Amino acid sequence: MAEAGSFADRVKQQADIVRVIGEYVRLKKSGQNFTGLCPFHGEKTPSFAVHPVKQIFHCFGCGKGGDVFSFVMEMEKCPFPDAVKVVAEKCGIPVPRPKERTPEERKENQQRAALIEIHRETQVFFTGQLESTAEGRAARAYLEDRGLNGEAIAKFGIGYAPSGGDALLRQLKPKYAEKLLLESGVISRDQSGARLFDRFRKRITFPIANESGKIVAFGCRALGDDLPKYLNSPETPIYSKSNVLYHMDRAKEPIRRQDFAILVEGYMDAIAVARAGIGNVVASCGTSLAEPQIKLLGRFTKRVIVNYDPDVAGQAATERSLTLLLEHDFEVRVLALPAIGDKKADPDLFIREKGAEAYIKLLKEAPPYVDYLITRARQMDLSTGEGKQRALNFLMPYVQRIPNRLLRSEWATRIAQQLRIDEPVLRAALNKSATERRGEVKVSPQLVGKPAKQIERRLIRMLAEAEGFKRELAQRLQRGRLYEGLETEKVFAALIVAGLSDEPIPATEIGAQLDERERRVFFEILFEDAQEPTWEEAESCLDALRRRQIEQELAKVQKTIEANPSGAGLRELLERKQELMKQLTAAGQPG
Ligand SMILES: [Zn+2]
């Protein structure tokens with residue numbers, strides 16, 4: 001993965017795996033290693049180890065292991081290039097800007113940079129308007145009325161777009177080409193095409209940042225009764241509605257830490273929830289969650305509580321989002337807030353009226369989506385056969401999308417009970433839908449294998465680390481085919497290839513070529529406390545393998561002789577047996 005001389009390779013050389021992992025896991029020195037509680041599986045006693053010299057980690061519990069990059073990839077749920085960047089940043093290594101290969105790419109990058117700059121300036125303009133103009137102060141009063149104090153306004157960068165129609169335009173026009181201003185989406189052209197004007201007028205503005213905190217769009221709410229109530233930036237080269245989750249730049253850290261996210265509909269909801277002290281909240285900024293948004297979220301957690309508005313549109317959005325989340329293997333709970341008086345409560349209103357604590361309590365009690373959906377189904381008329389069929393038709397698409405067979409089965413029982421439907425009938429329908437589903441349940445590979453024998457373990461360790469003679473050892477093993485048929489044959493094969501290569505190949509790269517089970521054995525061996533190997537020890541291990549090989553062939557010859565004592569090739573077989581016996585004596589006694 002980290003090619004010699006590449007940036008990734010340089011980062012790996014300079015990064016200290018103990019320090020990087022130490023930012024995520026509390027590590028304690030223990031012998032030559034550092035140990036801690038594994039972040040990848042729940043445990044009470046540490047089985048997670050980091051080796052400072054070999055720069056690898058390994059969990060003796062769940063079997064996860066690798067180098068600093070694989071740790072960050074797993075932890076941040078990000079691809080390799082991003083992991084390299086994260087590690088580089090943590091270690092203070094400047095990240096080179098990606099090379100622009102073509103003039104078009106160069107132009108595109110310049111355009112993106114300029115668009116980001118326009119958004120930065122626009123943000124300064126909007127926040128200034130809220131502070132210092134009469135109109136802005138009226139907007140501020142409105143915000144305060146909605147419970148947003150100065151601190152919150154500053155923290156979330158809330159601003160104001162004035163009513164004039166060209167105040168922002170006048171600000172930006174001297175610096176940017178007209179084409180660029182139109183591309184940014186903050187400036188529009190009127191229908192005749194003759195005149196430019198500010199897209200957002202007389203509106204409260206909420207900056208929308210991408211994952212790395214750069215403002216790429218604005219969401220704006222009308223101050224009065226102007227329609228539409230909400231107006232957002234259009235799709236631009238730096239902003240696509242379906243790629244961005246509002247508040248993700250700030251929420252990603254708390255989401256990762258707590259391993260779940262709260263999903264709300266609008267920015268006001270996200271702000272209200274975040275201000276209640278719940279930082280792991282994001283808003284989809286639209287009525288439905290899009291697939292790229294789910295993938296973005298999935299890099300940080302696979303657990304989500306959906307808290308959309310309780311109106312009909314919100315319910316429909318919840319159900320559409322559920323479908324997608326389930327398809328992407330999320331564990332989903334749904335919070336449907338109770339009405340306040342006769343008002344249906346969104347998170348913003350609920351927290352304002354009932355307080356943060358009441359909200360947190362409900363959040364903790366949020367039922368799994370199964371119960372939410374069954375509750376919804378039970379609101380249908382179940383007194384007739386058709387009614388039941390409708391309820392079932394409503395639930396079935398969700399069931400179909402559950403990849404896990406056990407969960408599907410659990411559902412069937414609950415639906416049957418709750419809707420009073422004959423369970424066998426329901427199961428038949430369920431099985432039919434299950435077989436129509438493509439891609440079956442993944443069974444996790446059997447990770448726990450028999451531990452390799454001591455001789456194999458020693459040889460593997462020497463092949464990996466005995467700088468003085470590992471090449472010689474690899475040659476001897478290769479020539480005599482001594483490792484064939486061993487339980488760890490594949491580990492040997494990979495190490496021999498590495499040992500015979502002219503380039504040094506790090507353990508993690510060898511590990512990457514192995515199956516999960518074999519990599520696990522390999523890493524466990526690397527983490528064993530062991531004395532310095534010597535060539536003498538290597539030779540005695542080789543002898544043992546040689547004897548094993550002869551004994552195996554001998555047993556085979558003996559079996560053939562016994563199976564057919566009067567066969568044609570008996571003479572040759574007996575000769576071979578003699579020869580092997582002699583070899584075995586020459587190979588010495590096991591010692
Ligand atoms: Zn683990």
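Residues numbered from 1 in each chain as written. Predicted model: local features only at pLDDT ≥ 70, side-chain atom pairs only at ≥ 80, totals over all residues. Heavy atoms only, no water.

## Observations regarding the packing of helix α20 (residues 454-465) against helix α22 (residues 489-500)
Going by this rule: Between N-to-C directions, angles span 0 to 180 degrees; the directions come from axes that are lines fitted to C-alpha atoms, helices contributing only their stretch in contact. Where helices and strands are cited, they refer to DSSP runs of H or I of at least four residues and of E of at least two residues respectively, numbered from the N terminus. Any angle between 65 and 115 degrees counts as roughly perpendicular, while under 35 counts as roughly parallel, over 145 as roughly antiparallel, and the rest as oblique. Crossing handedness: left-handed means the near helix sits turned counterclockwise from the far one by under a right angle, and right-handed means the same turn made clockwise. Here, residues are in contact when the closest pair of their heavy atoms is within 4.5 Å. For this scheme, ten residues count as nonpolar: Ala, Val, Leu, Ile, Met, Phe, Trp, Tyr, Cys and Pro. Four count as charged, namely Asp, Glu, Lys and Arg, and the remainder, Gly too, count as polar.
Across the interface, α20 lies against α22 with an axial gap of 10 Å and an inter-helix angle of 20°. The orientation of α20 with respect to α22, classified from their angle, is roughly parallel. Relative to α22, α20 is oriented so that their crossing is left-handed. Only Val491, Phe492, Leu495 and Ile496 of α22 make contact with α20, whose side of the interface consists of Glu456, Leu459, Ile460, Leu463 and Ala464. Here the contact of α20 with α22 is composed, by residue class, of eight nonpolar, no polar and one charged.

## Observations regarding the sheet that holds strand β12 (residues 261-264)
Threshold: Think of it this way: DSSP has to see at least two bridges between two strands before they count as a pair.
In space, the four strands of this open sheet follow the order β13-β12-β14-β15, with parallel pairing throughout. This sheet does not close on itself; its edge strands, each paired only once, are β13 (281-283) and β15 (331-334). Between one strand axis and the next, the sheet turns through 25° on average, direction left out of account. Relative to strand β14 (residues 303-306), β12 runs parallel, the two sharing three bridges. Counterpart to Ala261 in the pairing with β14 is Val304. Each of β14 and β15 touches helix α13 (residues 312-327); the most contacted strand, β15, lies at about 165° to it.

## Considering the coordination of the zinc ion
Just so we agree on the cut-off: Coordinating N, O and S atoms are those within 2.8 Å of the metal (3.2 Å for Na, K and Ca), and as water is not part of the atoms, a site may appear to have fewer donors than expected. Think of it this way: with four donors and all angles in the 85 to 135 degree range, the site is tetrahedral; with four or six donors, opposite ones beyond 155 degrees and the rest between 65 and 115, it is square planar or octahedral; otherwise it is irregular. Exposure classes here rest on a 1.4 Å probe applied to the protein chains alone. A residue is buried below 20% of its type maximum, exposed above 50%, and partly exposed in between.
For the zinc ion, the protein coordination sphere consists of Cys38 (SG), His41 (ND1), Cys59 (SG) and Cys62 (SG), at 2.1 to 2.3 Å. Considering all four donor atoms around the zinc ion, the spread of angles at the metal, 101 to 120°, places the coordination shape in the tetrahedral class. On the primary sequence, the residues serving as donors to the zinc ion are separated as C-x2-H-x17-C-x2-C. Placement of the pair is His41 in the loop between β2 (33-36) and β3 (48-51) and Cys62 in the loop between β4 (56-59) and β5 (65-66), with a sequence separation of 21 residues. A residue is classified by how much of its surface remains accessible, and His41, at 23% relative accessible area, is partly exposed.

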